[in-house]
Amino acid sequence: MSFDIVKGMATTLKNIGRKPTTVSYPEEERQLPARFRGRHVLHRYDNGMERCVGCYLCAGACPADAIYIEADENTDEQRVSPGERYARVFDVNMLRCIFCGYCQAACPTGAITLEQKYELASYYPEDLVYHKEQLLEPKGESTIGSNNVWAEPAPEHAAQPIPQESHVFDGSRASSAAVGLGNIEVERPNLLVNEEQDEDRRKL
């Protein structure tokens, strides 16, 4: 019995001078991998129009049936996206989502990505159904999100998938290569570069 106490104290004394692996969240936050899959974000084009064209491909690819979409027609008076349609309703049920990224891979326009947003806790389940207003980038912002680390960059000669100036979808110019998903690698090393943060401090 006493020998077990001595062994336990020896382990304690051996680790007492080592740097802790924990951080004081939320004052401190750990650096996340570039491909971390967190909350979804809906993106815009440089001209402010929404990338989503209401094609339902992300909802169809979702194995957990976590995405609900209602599409509506664009008009000359109200043009929301460069396509014929836009997503009038876009809901993501985070209680069902398994963060697989299939929706991001299925999207032909790079409209939806999973970003480094992981603070999703709530006391009420209805708060975990995120609506389009919560997911969409604010006006004035235009990013491609994590597509730059999941997908290969588009070739220099590839046309833009959506014309930025005419505001009208041109199917002949749309291609998976232009979006950057046509030659995505099956495997790619994705390691954090913060060596100090990720040093294994549990060495025996």
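Every value quoted in this text rests on a predicted model; they were computed, and no experiment measured them.

In this section: the nonpolar core. One finds I67, I69, F90 and M94 to be the most contacted residues of the largest nonpolar core, which totals 24 residues. Broken down by secondary-structure element, the contributors of at least two residues to this core are α2 (57–61), β2 (67–73), β3 (85–93) and β4 (112–114). Here I67 is in contact with C58, A59, C62, F90, D91, V92 and C103, once residues within four sequence places are set aside.

Under the UniProt annotation, the feature "binding site: [4Fe-4S] cluster 1" (unreviewed entry) is placed at C52, C55, C58 and C107. These annotated residues cover 56 residues of sequence, and their C-alpha atoms lie no more than 10.2 Å from one another, placing them together at a single site. Looking at the element boundaries, C58 is found in helix α2. Ignoring sequence-local partners within four residues, the contact set of C58 consists of I67, I69, F90, C103 and A106. In this structure, C107 sits in the loop between α3 (102–106) and β4.

What follows concerns a nonpolar patch on the surface. A contiguous nonpolar surface patch, about 250 Å² in accessible area, is contributed by V23, Y25 and Y118. Mapped onto the secondary structure, Y25 falls in the loop between α1 (2–15) and β1 (40–42).

Within the open sheet, the three strands sit side by side as β2-β3-β5. Their pairing is antiparallel. Sheet topology places β2 and β5 (129–130) at the edges, where each strand pairs with a single neighbour. As judged from the two bridges shared by β3 and β5, these two strands associate in the antiparallel manner. The partner of N93 across the bridge, within β5, is V129.

So, on to the UniProt feature "binding site: [4Fe-4S] cluster 2" (unreviewed entry) in the chain. UniProt records the feature "binding site: [4Fe-4S] cluster 2" (unreviewed entry) for C62, C97, C100 and C103 in the present numbering. Sequence-wise these annotated residues cover 42 residues; spatially they are packed, their C-alpha atoms never more than 10.5 Å apart. With respect to the helices, strands and loops of the structure, C62 is situated in the loop between α2 and β2. On the basis of relative accessible area, C62 is assigned to the buried category, the value being 16%. Following the sequence through the fold, C103 ends up in helix α3. Every residue in contact with C103, bar those within four places of it in the chain, is listed here: H40, C58, I67, I112 and L114.

Here is what the cut-offs are and how they apply
- Residues numbered from 1 in each chain as written.
- Predicted model: local features only at pLDDT ≥ 70, side-chain atom pairs only at ≥ 80, totals over all residues.
- Heavy atoms only, no water.
- Core = buried A, V, L, I, M, F, W, Y, C linked by side-chain atoms within 4.5 Å.
- Buried < 20%, exposed > 50% of the residue type's maximum accessible area, 1.4 Å probe, protein only.
- Helix = DSSP H or I, 4+ residues; strand = E, 2+ residues; numbered from the N terminus.
- Contact = heavy atoms within 4.5 Å.
- UniProt positions renumbered as here; feature names shortened; annotations may be inferred.
- Patch = residues over 30% accessible without salt bridge, like charges linked within 9 Å, V, L, I, M, F, W, Y side chains within 5 Å.
- Areas by Shrake-Rupley, 256 points an atom, 1.4 Å probe, with all protein chains shown as cover.
- Salt bridge = Lys/Arg side-chain N within 4 Å of Asp/Glu carboxyl O.
- Pairing = 2+ DSSP bridges.

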